[in-house]
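Structural characterization, general
Residue-level listing of the chains:
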Amino acid sequence: MHGYANPTRFLSLARWLTPVLLLSGIVLSAGAVAWGLFVVPPDRLMGETVRILYIHVPSAWLGMGGWTGIALSSAALLIWKHPLAAIGARAVAIPGMVFTAICLATGSIWGRPTWGSWWVWDGRLTSMLVLLFLYAGYIALAQASARDGGSSKIVAIFGIVGAINIPIINRSVVWWNSLHQPPSITVGKSAIAGEFLIPLLIAVLGFSLLFGGIVLMRMRALIAEMQVEARLRRRALEDDVPVAASMGTS
Amino acid sequence: MTKTGTGLRAKHQRMVLVVIAIVAVISAGLLAAYALRNQANFFYLPEQMSANPPEAGKAVRLGGMVQPGSLETLDDGITVAFVVTGNETATIPVRYSGILPDLFVEGSGVVADGSLQKNGTFLATNLLAKHDENYVPRELEGLEQHQSPEQSYTTTMYTD
């Protein structure tokens with residue numbers, strides 16, 4: 001793992017992995033969503049609105065998985081001071097927030113015809129909204145610390161503390177009476193009929209690959225940004241104080 | 001910090017600190033969630049409501065299953081009456097005047113906003129249909145919308 005602390009080695013891996021992940025992710029998720037939209041039969045009670053499942057569930061998975069990734073990278077940053085960990089966590093934050101927002105929006109659109117309400121303050125919906133706000137706070141904090149040269153430790157601590165919301169989201173429908181249904185897929189068991197389940201699993205896989213590709217893309221962009229900044233700083237140093245030029249080598 | 005001995009020791013120290021912090025945060029969260037156990041319920045089940053009735057007229061939510069065979073439309077044409085059941089034997093009669101949600105059927109889950117009256121009837125001001133975790137295609141089921149109450153009955157209520 002520490003081999004990839006060297007950005008050149010990481011970049012040479014990311015260079016070919018990014019298009020592979022993006023392409024396979026786009027193909028699988030587009031295929032699964034099309035399958036869900038046009039092939040899957042209507043549900044017994046919900047009718048056609050069941051099709052929103054194929055966007056809602058993968059988005060919820062990535063919203064929560066994204067924060068789990070932030071928490072793991074944050075721990076790696078604090079313990080091993082791995083230089084890529086901070087970049088990885090920053091790269092996950094924005095796509096994670098986008099998928100959380102998609103999850104909330106699609107859930108709301110589904111809730112209106114199914115439950116009869118756009119929004120209710122039950123445990124699952126409220127904890128998912130808290131996750132969206134946590135992402136917003138994390139992004140603001142990470143950007144402020146990157147711009148003003150503040151401590152990345154504070155950001156990492158926020159990433160770890162925020163992770164407490166993930167098991168709460170997961171268990172909210174079990175601990176409390178909620179309007180949102182209990183989990184359909186538990187270990188070794190599924191309350192979803194096969195016709196619905198197979199495209200759903202493909203959609204989750206496809207969205208995840210796509211997410212991985214986006215994160216790698218953003219990591220490369222962040223690394224490039226930092227290299228440009230370092231180069232500019234070095235050049236500025238060279239121009240101002242020619243003697244100090246050798247200090248800038250890294 | 002030198003590279004060998006002290007660096008390694010510092011790394012272990014950080015790891016222990018991070019693990020302690022994670023354990024503390026998780027136990028704080030679980031403790032908070034446990035304390036919220038009864039306050040964070042979105043609705044009361046009939047057994048919870050009859051064991052510990054809220055004062056008459058206070059706005060609360062009642063949730064459960066619409067008992068099969070209990071749904072009837074009263075003479076005025078817009079008021080419906082039905083009985084809500086939970087996981088136990090307690091039941092609560094409900095009255096509601098207004099538009100019913102599409103998924104509101106006998107044997108399916110319902111959450112009613114409203115208040116308990118002095119006579120023990122729950123007067124609902126708004127109804128929400130609760131969907132269960134089962135996803136079954138219409139063709140495969142081979143049933144009309146109203147004919148599969150037992151299956152959803154056993155699964156809508158989460159039992160530990």
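In this text the structure is predicted, and so the values were computed from the model without any measurement.

With that settled, the discussion passes to the overall build of chain B. A count of helical and extended segments in chain B gives four helices and six strands. Going from the N terminus to the C terminus, chain B shows its helices and strands as α-α-β-β-β-β-β-β-α-α. Excluding contacts between residues fewer than 6 apart, the proportion of contacts in chain B whose partners are at least 24 apart in sequence is 51%.

When its secondary structure is counted, chain A shows seven helices and two strands. Oriented by its inertia axes, the alpha-carbon framework of chain A measures out at about 80 × 35 × 30 Å. Within chain A, buried positions represent 41% of all 250 residues. Put simply, 74% of the contacts in chain A that link residues at least 6 apart link residues at least 24 apart.

In terms of nonpolar packing, the biggest core is built from 91 residues, with Ala 93 and Leu 200 of chain A together with Leu 62, Val 94, Val 110 and Ala 112 of chain B touching the most fellow members. With residues up to four places along the chain from it excluded, the contact list for Ala 112 of chain B reads Arg 61, Leu 62, Val 94, Tyr 96, Phe 122, Ala 124 and Leu 127 of chain B.

The next point concerns the interface of chain B and chain A. Across the boundary between the two partners, chain B contributes 40 residues, which contact 38 residues of chain A. Of all the elements in the fold, those that place two or more residues in the side of chain B that touches chain A are helix H1 (5-35), strand E6 (122-130) and helix H3 (138-141) of chain B. With 10 residues, the top contributor of residues to the side of chain B that touches chain A is H1 of chain B. Looking at side-chain class alone, the side of chain B that touches chain A contains 22 nonpolar, eight polar and 10 charged residues.

Our next topic: the packing of helix H4 (residues 123-147) of chain A against helix H5 (residues 152-162) of chain A. Residues and elements named next belong to chain A. One way to put it is that H4 packs onto H5 with a least axis distance of 9 Å and a crossing angle of 170°. With respect to H5, the element H4 is oriented roughly antiparallel. On H5, the residues that touch Leu 134, Tyr 138, Leu 141, Ala 142 and Ser 145 of H4 are Ser 152, Ile 154, Val 155, Phe 158, Gly 159 and Gly 162.

Residue and element names in this part refer to chain A. For H4, spanning 25 residues, the distance from its first C-alpha to its last is 36 Å, which sits close to the expected 36 Å at 1.5 Å a residue. Within H4, burial applies to Gly 123, Arg 124, Leu 125, Ser 127, Met 128, Leu 131, Leu 134, Tyr 135, Tyr 138 and Ala 142. Buried residues along H4 sit in contact with helix H2 (53-80), helix H3 (83-115), H5 and helix H6 (165-175). Two residues or fewer after H4 comes Gly 149, characterised by a positive phi angle close to 65°.

Below, the discussion takes up unusual backbone geometry. Here the phi dihedral of Lys 81 of chain A falls at roughly 55°; this positive angle occurs in a residue that is not glycine. With respect to the element layout, Lys 81 of chain A can be found in the loop between H2 and H3.

So, on to the pairing of strand E5 (residues 109-116) of chain B. All names here are of chain B. Relative to E5, strand E1 (residues 59-66) runs antiparallel, the two sharing seven bridges. In the sheet register, Leu 62 faces E5, and the bridge partner there is Ala 112. Two strands pair when backbone bridges link them, and E5 and E6 are joined in this way by eight bridges, in the antiparallel orientation. Paired with Ser 115 across the strands is Leu 123, a residue of E6. Linking E5 to E6, which pair antiparallel, is a turn of five residues; within it Gly 120 sits at a positive phi near 90°.

What follows covers the environment of Glu 195 of chain A. With respect to the helices, strands and loops of the structure, Glu 195 of chain A is situated in helix H7 (residues 194-240). For Glu 195 of chain A, a count of 18 C-beta atoms within 10 Å puts it in the partly exposed group. Contact partners of Glu 195 of chain A, with chain neighbours within four places excluded, come to Val 40 and Pro 41 of chain A together with Pro 137 of chain B.

What follows concerns the packing of H2 of chain A against H3 of chain A. Residue and element names in this part refer to chain A. Taken N-terminus to C-terminus, the directions of H2 and H3 make an angle of 155°; their axes are 7 Å apart at the nearest point. With respect to H3, the element H2 is oriented roughly antiparallel. The hand of the H2/H3 crossing is left-handed. Across the contact of H2 with H3, the residue classes break down as 17 nonpolar, 12 polar and no charged.

Low-confidence regions, as indicated by low pLDDT, have predicted coordinates that should not be scrutinised in detail. Residue and element names in this part refer to chain B. Confidence along chain B averages 79 in pLDDT terms, with 82% of residues attaining 70 or more. Considering each helix and strand of chain B separately, the mean pLDDT is smallest for helix H4 (residues 149-156), with a value of 45, and largest for strand E4 (residues 91-97), with 92. Here residues 142-160 is a poorly scored stretch, pLDDT under 50, and it has 31 contacts once near neighbours within four places are set aside; other chains count. The ipTM, which scores confidence in the relative placement of chains, is 0.72 for this predicted complex, and the corresponding pTM is 0.83.

A few words now on the environment of Gly 88 of chain A. Residue and element names in this part refer to chain A. Mapped onto the elements, Gly 88 comes out in helix H3. The class of Gly 88 is buried, set by 23 C-beta atoms lying within 10 Å. Separated by 63 residues in sequence, Gly 88 and Gly 25 have C-alpha atoms that sit 19 Å apart. Those residues within four positions of Gly 88 in sequence are excluded, and the remaining contacts are Ser 73 and Met 219.

Calculation notes
- Residues numbered from 1 in each chain as written.
- Chains lettered and ligands numbered in written order.
- Predicted model: local features only at pLDDT ≥ 70, side-chain atom pairs only at ≥ 80, totals over all residues.
- Helix = DSSP H or I, 4+ residues; strand = E, 2+ residues; numbered from the N terminus.
- Contact = placed C-beta atoms within 7 Å.
- Buried ≥ 20, exposed ≤ 12 C-beta atoms within 10 Å, placed from the backbone.
- Core = buried A, V, L, I, M, F, W, Y, C linked by C-beta atoms within 7 Å.
- Nonpolar A, V, L, I, M, F, W, Y, C, P; charged D, E, K, R; others polar.
- Axes fitted to C-alpha atoms, helices over the stretch in contact; angles between N-to-C directions.
- Parallel < 35°, antiparallel > 145°, perpendicular 65-115°, else oblique.
- Expected span 1.5 Å × (residues − 1).
- Pairing = 2+ DSSP bridges.
- Left-handed = near helix turned anticlockwise from the far one by under 90°.
- pLDDT = per-residue confidence, 0-100.

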